[in-house]
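# Analysis of the macromolecular model
The lines below spell out each chain.
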Amino acid sequence: MACATKSLSPATLEAFGAELDALRARTVAKIGSEDARYIRRVVKVQRYFEVAGRVLLFASIFPPAWLLGTLLLGLAKILDNMEIGHNVMHGQYDWMRDPHLNGKTYEWDIAGTGDNWRKTHNFKHHTYTNVRGMDDDIGYGLLRLFPEQRWRPFYLAQPLVAIIFALAFEWGVAIQDLELGKYFAGRKSKAQMRAEWQPVARKMRRQIVKDYVIFPLLAGPFFLPVLAGNFVANIIRNLWTYTVIFCGHFTADVHLFPKSVVDNESRGHWYWRQILGSSNLRGGKLFHVMTGNLSHQIEHHLFPDIPAWRYEAIAREVREICGRYGIPYNTGRMSVQFSQVVWRILRHSLPSRPARLPSVTPLAA
Amino acid sequence: MTSLRRYLQPLVSPPVFDFWASRFSPAASWDRVLAKVVARRVESRDAVTLELRANRHFKGLRPGQHVNVTAEVGGARLTRSYSPSLLSADGRRLSITVRQVDGGKLSTQLCQNAQVGDVVELGAAFGDMTWTDTAPGSRLLLAAGSGITPMISLIRSAVTTGTALDVDLVYWARRRDELCFVDELRDLATRMPGLRCHFVLTRETELRDGEHAGRPNQELLLRLVPDLAHRQVFACGPDGFVETVRELLATRVAQFHSESFTPRTVLAAATGTVRVELTRSRRTFEIPAGMPLLAALESQGLRPAYGCRMGLCNTCACGKSAGSTQNVVDGSTDAEPTSALRICVNRAASDLILDL
Ligand SMILES: Cc1cc2nc3c(=O)[nH]c(=O)nc-3n(C[C@H](O)[C@H](O)[C@H](O)COP(=O)(O)OP(=O)(O)OC[C@H]3O[C@@H](n4cnc5c(N)ncnc54)[C@H](O)[C@@H]3O)c2cc1C
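Residues numbered from 1 in each chain as written. Chains lettered and ligands numbered in written order. Predicted model: local features only at pLDDT ≥ 70, side-chain atom pairs only at ≥ 80, totals over all residues. Heavy atoms only, no water.

- The name given to chain B in an unreviewed UniProt entry is Ferredoxin-NADP reductase, and the organism recorded there is Panacagrimonas perspica.

- In the annotation of an unreviewed UniProt entry, chain A is listed under the name Linoleoyl-CoA desaturase and assigned to Panacagrimonas perspica.

Encoded structure:
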């Protein structure tokens, strides 16, 4: 997206990077028992929510129990996936050396494998945030969200596709790294596909068996209500994670970058790109927790390995620094940010062209 | 139980199991060796004994061996080795005696803050300072500071199993109030004819019965143990102590076994080369200490997994079981074993053992 961005000289970018590095160092120095207590508390709440949700579903002969059980299970899955899973897998709590909070091995309650996520998200998306052709999260190979993406007639169905994708988000994420497009275009061998498919299928099977066979069977006569409750809980989680994630990178003013930006990129420039490629959500403390603090998408992209509950405190300083350097800091209420996302989905389902040549470099001419 | 476990295996997620099991019994776990602190007592001016009861995953240990003990300090888990005494035949009750080291992270935690009811994690037993041979001949045990712990473990087990002893123990400390197990040792020595205890104090002016003065030296040792040359010697204590007695005795006695409770050192220099042992590929390299590990290993022809090369994405993170590293971005150093060392932004600050 082209938008008037103040140019910064290499020296200014360096000073800007140094300020963020200093902020990072100040924050890292504070990490300790407070963070350990925090994440353990979240884990505890998540575990109790999950058990309470499943127990209530077993009592679903009584309709309010079904409703509450489904909701609690949905919340438990959201906590597990976002504030715990996503953040732990970034290595935010590796310093604790707790094998159950190990970023390299953590596995979450969702269809996709932790290993695939570590690759598509931690590496590709975070390193090449909003770089065309490198960050697979730009439309997930399914949606056209930027005018720079080539239009095809398929995108006319995008409004419908986007809704289906939202409902089935966990499955979309689960197969993201298989790059089916490549396979169908003949650029990936059958053997490689089979090898990659195996762990993916194993995880999918585990999730299906757990939510749609074992727990319903354990409920005996309440097989169907439990199955339905688990199904709806998964959908609640899918819609919420989809909304939060799309608000993080596909609001109106976020930037898209060409591949060339990553060549010999300086730290300052990298920080600058992360800020322009991300957008925040305003809200209360509980809201931030439920988004896994991805409501602070900007801070998360600057410091993906700092315990996410600290982003709120960091945000004030980041915003102040951005203000001084004239770098736009994109934040807003969820309703506002998400309507911008919806507008992108609708607008770019039809042919569109970049308004101007994209301003891809912060460097003064 | 085992078959039930096997049947449940595919359904159980160990973290979830551990969470709920620990609500009912703090040291319960699906597969980890946890132990509960069941008693605590002050052992000397600067040492504390913690009695532990391990869960059923603990495989036990032989007297004279050590285990790694892991406990949390400031939210992070730290692992150090200790040499327990066994308190029950099944090996699940044991005691560790921890001497508080000045500025020491885990020893301070265990001495000052550990309480009955706390849970620590245990590793597998290791070390070969054990008494195995059936016809032993006389032994000489040399201990300094916390080096007394494997010795008391060996002596206690011989007493409980009723094994005849022919042992001299020489135990160094700076002051009398730093000595551990004195009453117990004196009592055993009067009851067991084959056990003789000598306490050597280096900074005490007035000596009592059975006490001596002086650092380890030939003359002192010969005075206490005239038949030194025929002894099977076991020495344990700080690195400097073990080195001294090794030089004094190793070639002059029948057998010499030692274990040093070496303090880990952090090498500050960014120059020179270090030895990096890669456990998974079973190879060892000499690499320059100043270079980030990823680049250094690549220059040796290796291809470790990596992503951003900026210390962000965690793709290159690998386990480090020993050695110190320094982060080249923020200058911080880390001497603890870790599951996730980001090799793209860390350089070696000592020899290393990596899980690669
Ligand atoms: C095989 C083995 C068995 C051991 N058994 C026992 C035991 O039974 N009881 C016991 O109290 N300790 C024992 N130790 C020592 C113990 O493992 C720790 O090193 C010690 O408790 C200090 O840990 P810390 O975290 O407090 O110190 P750290 O924070 O690791 O170190 C702080 C400072 O103290 C220095 N230092 C570390 N260890 C020592 C030491 N032993 N003596 C003097 N200075 C030191 C370090 O160089 C550093 O400067 C054993 C060590 C080994 C290798």
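## What to know about the overall build of chain B
- From N to C terminus, chain B includes 8 helices and 21 strands.
- Across its three principal axes, chain B shows a C-alpha extent of roughly 65 × 55 × 40 Å.
- Relative to its full complement of 356 residues, chain B shows a buried share of 48%.
- Taking as baseline every contact in chain B between residues at least 6 positions apart, the subset at least 24 positions apart corresponds to 61%.
- A total accessible area of about 16800 Å² is found for chain B, and carbon and sulfur atoms account for 51% of it.
- In chain B, 43 side chains carry a positive charge and 37 a negative one; their mean positions are 5 Å apart. (Helix = DSSP H or I, 4+ residues; strand = E, 2+ residues; numbered from the N terminus. Buried < 20%, exposed > 50% of the residue type's maximum accessible area, 1.4 Å probe, protein only. Contact = heavy atoms within 4.5 Å. Areas by Shrake-Rupley, 256 points an atom, 1.4 Å probe, with all protein chains shown as cover. Lys, Arg positive; Asp, Glu negative; His and termini not counted. Charge placed at Lys NZ, Arg CZ, Asp CG, Glu CD.)

## Things to note about the UniProt feature "transmembrane region" (unreviewed entry) in chain A
Residues and elements named next belong to chain A.
- Mapped onto the present numbering, the UniProt feature "transmembrane region" (unreviewed entry) falls on residues 55–79, 154–174 and 212–233.
- For residues 154–174, the helix share is 76%, the strand share is 0%, and the end-to-end C-alpha distance is 22 Å.
- From the first C-alpha to the last, residues 212–233 spans 12 Å; its make-up is 82% helix and 0% strand. (UniProt positions renumbered as here; feature names shortened; annotations may be inferred.)

## A look at the domain arrangement of chain B
Residue and element names in this part refer to chain B.
- Entries for chain B in the domain assignment read domain 1 (13–126), domain 2 (138–260) and domain 3 (273–355).
- Taking only C-alpha atoms, the centre of domain 1 and the centre of domain 2 are 26 Å apart.
- Across the boundary between the two partners, domain 1 contributes 15 residues, which contact 16 residues of domain 2.
- Both faces combined, the contact of domain 1 with domain 2 buries some 1300 Å², and carbon together with sulfur accounts for 52% of it. (Domains from an automatic or database assignment. Buried area = accessible area lost by both parts, 1.4 Å probe.)

## Describing the interface of chain B and chain A
- If you look at the interface, chain B gives 36 residues, while chain A gives 30 residues.
- The shortest N-O distance in the salt bridge between Arg 40 of chain A and Glu 72 of chain B comes to 2.9 Å.
- Linking chain B with chain A are 12 residue pairs in polar contact (both at pLDDT 80 or more).
- Elements with a contribution of two residues or more to the side of chain B that touches chain A: helix 2 (14–24), strand 4 (76–82) and strand 19 (338–341) of chain B.
- For the side of chain B that touches chain A, the element with the highest residue contribution is helix 2 of chain B, accounting for 7 residues.
- Across the side of chain B that touches chain A, the residue classes tally to 19 nonpolar, 9 polar and 8 charged. (Salt bridge = Lys/Arg side-chain N within 4 Å of Asp/Glu carboxyl O. Polar contact = N/O pair within 3.5 Å; in protein donor to acceptor, adjacent residues only side chain to side chain. Nonpolar A, V, L, I, M, F, W, Y, C, P; charged D, E, K, R; others polar.)

## Focus on unusual backbone geometry
- A positive phi angle is found at Asn 130 of chain A, which is not glycine, with a value near 55°.
- Structurally, the position occupied by Asn 130 of chain A is in the loop between helix 4 (114–127) and helix 5 (158–167).
- At Arg 282 of chain B, a position not held by glycine, the phi torsion is positive, near 50°.
- Looking at where Arg 282 of chain B falls in the secondary structure, it is placed in the loop between strand 14 (273–278) and strand 15 (283–288).

## With respect to the pattern of salt bridges
- Inspection of the entire model under this criterion finds 49 salt bridges over all chains.
- With a closest N to O distance of 3.2 Å, Lys 124 of chain A and Asp 136 of chain A form a salt bridge. Note that Lys 124 of chain A is positioned in helix 4 and Asp 136 of chain A in the loop between helix 4 and helix 5, a separation of 12 residues in sequence.
- Ionic pairing is found between Glu 43 of chain B and Arg 41 of chain B, a salt bridge with its closest N-O pair at 3.5 Å.
- Of the residues examined, Arg 41 of chain B reaches a relative accessible area of 36% and is grouped as partly exposed.
- By sharing partners, the salt bridges in this structure join Glu 50, Arg 54, Lys 77, Asp 109, Lys 210 and Asp 211 of chain A into a single network.

## Topic: the sheet that holds strand 8 (residues 139–144) of chain B
Residue and element names in this part refer to chain B.
- Read across the open sheet, the 6 strands follow the order 11-10-9-8-12-13; overall the sheet is parallel. The two strands at the open ends of the sheet, each matched to only one other strand, are strand 11 (211–213) and strand 13 (255–260). Recorded for the sheet is a direction-independent mean angle of 20° between the axes of neighbouring strands.
- Against the sheet, helix 4 (residues 148–161) contacts strand 8, strand 9 (167–173), strand 10 (195–201) and strand 12 (232–237), and its axis sits at roughly 145° relative to strand 8. (Pairing = 2+ DSSP bridges. Axes fitted to C-alpha atoms, helices over the stretch in contact; angles between N-to-C directions.)

## Focus: the UniProt feature "domain: FAD-binding FR-type" (unreviewed entry) in chain B
- Here the UniProt-annotated "domain: FAD-binding FR-type" (unreviewed entry) positions come out as residues 30–132 of chain B.
- Regarding residues 30–132 of chain B, the helix share stands at 9% and the strand share at 45%, and the terminal C-alpha atoms are separated by 33 Å.

## Section: the sheet that holds strand 21 (residues 352–354) of chain B
All names here are of chain B.
- Taking strand neighbours across the sheet as the criterion, the 5 strands line up as 15-14-21-16-19 in an open arrangement whose pairing is mixed. In the strand order of this sheet, the two ends are held by strand 15 and strand 19, each with one partner. In this sheet, neighbouring strand axes are inclined to one another by 35° on average, regardless of whether the strands run parallel or antiparallel.
- Examined bridge by bridge, strand 16 (residues 318–322) and strand 21 share 2 bridges and lie antiparallel to one another. Note on strand 21: the bridge partner recorded for Ala 322 is Ile 353.

## Points about the packing of helix 1 (residues 10–30) of chain A against helix 13 (residues 311–325) of chain A
Residue and element names in this part refer to chain A.
- Orientation of helix 1 relative to helix 13, taken along the N-to-C sense of each, is 170°, at an axis distance of 11 Å. Classified by the interaxial angle, the pair formed by helix 1 and helix 13 is roughly antiparallel. Counting all contacts with helix 1, which are made through Thr 12, Ala 15, Phe 16, Glu 19, Leu 20, Leu 23, Arg 26 and Thr 27, the residues of helix 13 involved are Ile 314, Glu 317, Val 318, Ile 321, Arg 324 and Tyr 325. (Parallel < 35°, antiparallel > 145°, perpendicular 65-115°, else oblique.)

## A closer look at the UniProt feature "domain: Fatty acid desaturase" (unreviewed entry) in chain A
- In the numbering used here, UniProt assigns the "domain: Fatty acid desaturase" (unreviewed entry) feature to residues 64–331 of chain A.
- Taken end to end, residues 64–331 of chain A comprises 58% helix and 1% strand; its first and last C-alpha atoms sit 37 Å apart.

## Brief notes about the side chain of Asn 87 of chain A
All names here are of chain A.
- When you line up the elements, Asn 87 lands in helix 3 (residues 63–89).
- On the basis of relative accessibility, which here comes to 0%, the residue Asn 87 falls in the buried class.
- Within the structure, Asn 87 has its side chain in polar contact with the side chain of Glu 83 (distance 2.8 Å).
- Here Asn 87 is in contact with Met 82, Gln 92, Gly 292 and Ala 308, once residues within four sequence places are set aside.

## Focus on the pairing of strand 12 of chain B
Residue and element names in this part refer to chain B.
- Where burial is concerned, most of strand 12 is hidden: 6 out of the 6 residues are buried.
- Burial of the side chains of strand 12 extends over both faces: Gln 232, Phe 234 and Cys 236 are buried on one face and Val 233, Ala 235 and Gly 237 on the other.
- Bridge count between strand 8 and strand 12: 5 bridges; the pairing is parallel. The partner of Leu 141 across the bridge, within strand 12, is Phe 234.
- Across 6 bridges, the pairing between strand 12 and strand 13 is parallel. Residue pairing in the sheet places Cys 236 in a bridge with Glu 259 of strand 13.
- Handedness of the crossover is the feature at issue here: the chain leaves strand 12, passes through helix 7 (residues 239–249), returns alongside strand 13, and the resulting connection is right-handed. (Right-handed = clockwise from strand over helix to strand, strands pointing away.)

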